[in-house]
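# Report on the structure
One letter stands for each residue in the lines below.
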Amino acid sequence: MPVSKPTVDAVLLDIDGTLVDSNYVHVDAWSRAFREAGRPVPSWRIHRSIGMDGSKLLEALVGSSDSALAGEAKRLHGEYYAAASKGLEVLPGARELLADLNSRGVTVVLATSAPESELSTLRDLLEVEDSVEVVTSGDDAEVAKPEPDIIAVALGRAGVQAVDALMVGDSVWDIESAGRAGVRAIGVRSGGISRGELLDAGAVAVFEDPADLLANIEKSPIYSGEKASA
């Protein structure tokens, strides 16, 4: 049993790339979608945009989120991602991390801007409903990461103040979104973003993946409250 007490009341967690190894599935789905829609986009550019609000991703990569091309690419991405979702895997330690946080009295929040169709698949895969108290989706905010709207919704539903929460995410967009909402953020490298970039975006600590965070949880900002890299 835990012998010390967390310094936060809630931990908000992104899902894609943070709890589920799905970022490169998204990259492939978007790459195929853009190519078929008639506007090929290099995979590295797509990867750099994963974690953004869908509209912002389309604006960044094809210049618009409401053009016919963008609409077709979005439709195709949904089809390709759904077809590939059977091969998704939960990242090491993800389920155990959420269960551990719940056992310590921390409110566990899945703070994602994934659309409901994708979120349903991810929740079925994770099988962590007993550990989770609050969930957000892309339907909960008009503009998602890196804007702070989803984080604000998550805080409101959890009934906690920003100062009493921490965010865990894998992308610079997660870190920036949390920062704009006044929430400290822990980065994980499981989405393919470097430690340095996550720290530069404002992360107060960076771990390899959920298993690494779980193994060092009582040394992490969840307990120490310190703004230092683990």
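For the structure itself, look to the data block above.
Analysis parameters
Residues numbered from 1 in each chain as written. Predicted model: local features only at pLDDT ≥ 70, side-chain atom pairs only at ≥ 80, totals over all residues. Heavy atoms only, no water. Pairing = 2+ DSSP bridges. Helix = DSSP H or I, 4+ residues; strand = E, 2+ residues; numbered from the N terminus. Contact = heavy atoms within 4.5 Å. Axes fitted to C-alpha atoms, helices over the stretch in contact; angles between N-to-C directions. Buried < 20%, exposed > 50% of the residue type's maximum accessible area, 1.4 Å probe, protein only. Lys, Arg positive; Asp, Glu negative; His and termini not counted. Salt bridge = Lys/Arg side-chain N within 4 Å of Asp/Glu carboxyl O. Parallel < 35°, antiparallel > 145°, perpendicular 65-115°, else oblique. Left-handed = near helix turned anticlockwise from the far one by under 90°. Nonpolar A, V, L, I, M, F, W, Y, C, P; charged D, E, K, R; others polar.

## Examining the sheet that holds strand β6 (residues 205-207)
Taken in spatial order, the six strands of this open sheet run β3-β2-β1-β4-β5-β6, and their pairing is parallel. For this open sheet the edge positions go to β3 (134-135) and β6, each flanked by a neighbour on one side alone. Bridge count for strand β5 (residues 184-188) against β6 is three bridges, and the pairing is parallel. In the strand pairing of β6, I186 is matched with A205. Where helix α5 (residues 94-103) meets the sheet, it contacts β1 (10-13) and β2 (107-110), and its direction lies at approximately 145° from that of β2.

## Points about the side chain of D53
Tracing the chain through its elements places D53 in the loop between α2 (43-49) and α3 (54-62). The buried charged residue D53 lacks any salt bridge, with K56 as its nearest oppositely charged partner at 6.2 Å. Discounting chain neighbours no more than four positions away, the residues touching D53 are E142, V143, A144 and K145.

## Section: unusual backbone geometry
Phi angles above zero are rare outside glycine, and E127 is one such case at about 55°. Relative to the helices and strands, E127 is located in the loop between α6 (116-126) and β3. Taking the relative accessible area as the measure of exposure, E127 reaches 62% and is therefore exposed.

## Digging into the pattern of salt bridges
In the structure shown here, the tally under the stated rule is ten salt bridges. One salt bridge in this structure joins R48 and E197, with 2.1 Å as the shortest N-O distance. In this pair, R48 is assigned in helix α2 and E197 in helix α9 (residues 195-201), connecting sequence segments 149 residues apart. Residue classification places R48 among the partly exposed positions, given a relative accessible area of 36%.

## Some points on the side chain of T107
Structurally, the position occupied by T107 is in strand β2. For T107, a relative accessible area of 13% puts it in the buried group. Once residues within four sequence positions are removed from consideration, T107 is found in contact with D9, A10, V11, E133 and A158.

## Overview of the environment of K86
Looking at where K86 falls in the secondary structure, it is placed in the loop between α4 (68-84) and α5. Classification of K86 by relative accessible area gives exposed; the value is 81%. On a C-alpha basis, the gap between K86 and T121 in space is 9.0 Å, while along the polypeptide they are 35 residues apart.

## A short note on the packing of helix α1 (residues 23-37) against α4
Axis separation between α1 and α4 bottoms out at 8 Å; the angle between their running directions is 140°. Between α1 and α4, the angle falls in the class oblique. Once α1 is placed against α4, the crossing between them reads as right-handed. In this structure, α1 uses V25, H26, A29, W30, R32, A33, F34, E36 and A37 to contact α4, whose residues at the interface are L69, E72, A73, K74, L76, H77, Y80, Y81 and A84. Of the residues that constitute the contact of α1 with α4, the class distribution is twelve nonpolar, two polar and four charged.

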